[in-house]
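Observations on the three-dimensional arrangement
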Amino acid sequence: MKLAMIGFGQAGGKIVDKFLEYDDRTGSGIVRSAVAVNTAKADLMGLDRIPQENRVLIGQSRVKGHGVGADNELGAEIAEEDIDEVQGAIDAIPVHEVDAFLIVAGMGGGTGSGGAPVLAKHLKRIYTEPVYGLGVLPGSDEGGIYTLNAARSFQTFVREVDNLMVFDNDSWRQSGESVESGYAEINDEIVKRFGILFGAGEINQGDEVAESVVDSSEIINTLSGGGVSTIGYAREEVEKGDDDSGLLSRFTGGDEPQVDTAHTTNRITSLVRKAALGRLTLPCEIDGTERALLVLSGPPQHLNRKGIERGRKWLEEQTGSMEVRGGDYPVPESNFVASVILLAGVSNVPRIKELQQVAIEAQDNIEDIRSESEENLESLVEDDEDELEPLF
Ligand SMILES: Nc1nc2c(ncn2[C@@H]2O[C@H](COP(=O)(O)OP(=O)(O)OP(=O)(O)O)[C@@H](O)[C@H]2O)c(=O)[nH]1
């Protein structure tokens, strides 16, 4: 599946940069165009791979290239005012060659949190291609204002995109790590999961023919209908030369032997369970998921239809959804069989409820402090008996 990716804010830009690196490394070809938008000049300069001409600095007259300092209302205002500059970079994208737009942003800051929903609304008005969001939730240790920003941006962003895929920094942060090295690992995790998912719909001619290949329309259909999505992942190392043909191998038509062994099937079904029940990009209850897509990637001799069918059935039972799609993504040179599960339209997400609760407390607190602050300042500045006179 070919995407036009727009990274909004620092986190968004860094993650899109990582997608370009992933594309180069794996040859998956999912990033047709990459754009970064920011109010901070230094953040744009820190990117490695996004072409210079696709780095758009907005809000120069308002914040002089220094960012909006976690003020997402200002981030949204600037994005609206300078939307033509962003559109200027998007005009250079060959939109007829892309399957969808993907707007990536950290939701706890100011620029991406406020700007990403504004851009989504704008793109949806102009283009017929789907507009997806990849929103990153802040860690709970980042503080009240980040949580409040994220909770407000989340409500807006979900409404404006065709689907919001969420990654929760909080459930992925590791104690004792520096913020930067922590983000590097987290960003690798994001790119790996989304890379396999979107790469699955991007099989080129001449690539290994899959038994039941995932097409980009299956990804689009799973995401359509809107709402919030999360992604599960699990993998197991396999020997490249090994084809598991020891037990029950059978040959089906064609020239190539199709290996179908109990071992291969069991491995696939167990990877499907691990992916769905392990750590999701946004932890949630999978029961009640509206739609799902299962992608099995790896060397083709380690993939089989029976395993995917069983995995799909199991997912239907667990989610209660009648719309579970599945297929393979053959990667002949890989040392791993990996299972990626897209759960679209999840609704039972305790993390979001908790985020909203903390956000409401932060909002009340901020209001209390603001209303007290005028009184406090007055009592500090005025002398008790009112004997002093200000100059003017
Ligand atoms: N996963 C991930 N999250 C990040 C990264 N950098 C920042 N974040 C998260 O994204 C949130 C927003 O941060 P930024 O993207 O730096 O903020 P911004 O959109 O540039 O906005 P301002 O700096 O306020 O102008 C933070 O609260 C973090 O939770 C990153 O490299 N990876």
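An unreviewed UniProt entry annotates the protein as Tubulin-like protein CetZ of Natranaeroarchaeum aerophilus. Checking UniProt for the protein, the heading Subcellular location (unreviewed entry) contains the comment "Cytoplasm". One UniProt comment on the protein, placed under Sequence similarities (unreviewed entry), says "Belongs to the CetZ family."

The local shell around the ligand holds 23 residues, among which Lys14, Ala70, Thr111, Glu142 and Asn187 are the closest. Here Gly112 contributes a backbone N or O atom positioned 2.8 Å from an oxygen atom of the ligand. Separating a nitrogen atom of the ligand from a side-chain N or O atom of Asn169 is a distance of 3.0 Å. Notes on the ligand: free accessible area 640 Å², of which the protein chains cover 91%. Contributing elements (two or more residues each) for the shell around the ligand: helix H1 (9–26), helix H6 (111–126) and helix H9 (179–200). Broken down by class, the residue content of the shell around the ligand amounts to nine nonpolar, twelve polar and two charged.

Along strand E7 (residues 228–237), seven of the ten residues are buried, which leaves the element largely enclosed by surrounding structure. The pairing of strand E6 (residues 163–168) with E7 spans two bridges and is parallel. Looking across to E7, one finds that Leu164 is bridged to Val228. Examined bridge by bridge, E7 and strand E10 (residues 336–344) share nine bridges and lie antiparallel to one another. When the sheet's bridge partners are listed, Ile231 is paired in E10 with Leu342.

Okay, helix H13 (residues 350–381) next. Under the 1.5 Å per step criterion, the end-to-end length of H13 is 46 Å for 32 residues, consistent within 8% with the ideal 46 Å. Remark: the principal bend of H13, roughly 30°, maps to Ser373. Along H13, the residues that are buried comprise Arg351, Ile352, Leu355, Gln356, Ala359 and Ala362. Contact partners of the buried residues in H13: strand E5 (131–137), helix H7 (144–160), E6 and helix H8 (169–172).

Further remarks concern a nonpolar patch on the surface. Among the surface-exposed residues, Leu377, Leu380 and Val381 lie close enough to one another that they form a single nonpolar patch of about 330 Å² accessible area. Locating Leu380 in the fold gives a position in helix H13. The class for Leu380 is exposed, based on a relative accessible area of 67%.

All right, on to the environment of Gly106 then. Structurally, the position occupied by Gly106 is in strand E4 (residues 100–106). Between the C-alpha atom of Gly106 and that of Leu137, which follows or precedes it by 31 residues, the distance is 6.4 Å. Apart from the residues within four sequence positions on either side, Gly106 is in contact with Ala11, Gly12, Gly112, Ser113 and Val136.

On to the packing of helix H11 (residues 262–277) against helix H12 (residues 305–319). Their axes nearest at 8 Å, the elements H11 and H12 cross at an angle of 35°. In this structure, H11 meets H12 at a crossing whose hand is right-handed. Here Thr265, Asn266, Ile268, Thr269, Val272, Arg273, Ala276 and Leu277 of H11 come into contact with H12, specifically with Lys306, Gly307, Ile308, Arg310, Gly311, Trp314 and Leu315. Grouping the amino acids of the contact of H11 with H12 by side-chain chemistry returns seven nonpolar, five polar and three charged.

What follows covers the UniProt feature "binding site: GTP" (unreviewed entry) in the protein. The positions that UniProt labels "binding site: GTP" (unreviewed entry) are, in the present scheme, Gln10, Ala11, Gly12, Gly13, Lys14, Gly110, Thr111, Gly112, Glu142, Asn169 and Asn187. Assignment of secondary structure puts Gly12 in helix H1. Note on Gly12: relative accessible area 0%, which makes it buried. Discounting residues that sit within four places of it in the chain, Gly12 has contacts with Gly7, Val104, Ala105 and Gly106.

Between helix H4 (residues 72–81) and H6, the least distance of the axes is 7 Å, while the angle of their chain directions is 40°. In terms of their interaxial angle, H4 and H6 are classed as oblique. Considering the relative orientation of H4 and H6, their crossing is right-handed. Facing Asn72, Gly75, Ala76, Ala79 and Glu80 of H4, the residues of H6 in contact are Thr111, Ser113, Gly114, Gly115 and Val118.

Each strand in a sheet pairs with another by means of backbone hydrogen bonds, the pair being arranged parallel or else antiparallel. Spatial ordering of the open sheet is given by E3-E2-E1-E4-E5-E6-E7-E10-E8-E9, a layout of ten strands whose pairing is mixed. Lying at the two open borders of the sheet, with one neighbouring strand each, are strand E3 (55–57) and strand E9 (323–330). Between one strand axis and the next, the sheet turns through 20° on average, direction left out of account. The strands that H1 touches are strand E1 (3–8), strand E2 (31–38), E4 and E5; relative to E1, the one it contacts most, it runs at about 145°. Contacts from helix H5 (residues 83–90) reach E1, E2, E3 and E4 within the one sheet, and its direction differs from that of E3 by about 170°.

Definitions and cut-offs
Residues numbered from 1 in each chain as written. Predicted model: local features only at pLDDT ≥ 70, side-chain atom pairs only at ≥ 80, totals over all residues. Heavy atoms only, no water. UniProt positions renumbered as here; feature names shortened; annotations may be inferred. Near = heavy atom within 4 Å. Polar contact = N/O pair within 3.5 Å; in protein donor to acceptor, adjacent residues only side chain to side chain. Areas by Shrake-Rupley, 256 points an atom, 1.4 Å probe, with all protein chains shown as cover. Helix = DSSP H or I, 4+ residues; strand = E, 2+ residues; numbered from the N terminus. Nonpolar A, V, L, I, M, F, W, Y, C, P; charged D, E, K, R; others polar. Buried < 20%, exposed > 50% of the residue type's maximum accessible area, 1.4 Å probe, protein only. Pairing = 2+ DSSP bridges. Expected span 1.5 Å × (residues − 1). Bend = angle between axes of the 7 residues up to and from the residue. Contact = heavy atoms within 4.5 Å. Patch = residues over 30% accessible without salt bridge, like charges linked within 9 Å, V, L, I, M, F, W, Y side chains within 5 Å. Salt bridge = Lys/Arg side-chain N within 4 Å of Asp/Glu carboxyl O. Axes fitted to C-alpha atoms, helices over the stretch in contact; angles between N-to-C directions. Left-handed = near helix turned anticlockwise from the far one by under 90°. Parallel < 35°, antiparallel > 145°, perpendicular 65-115°, else oblique.

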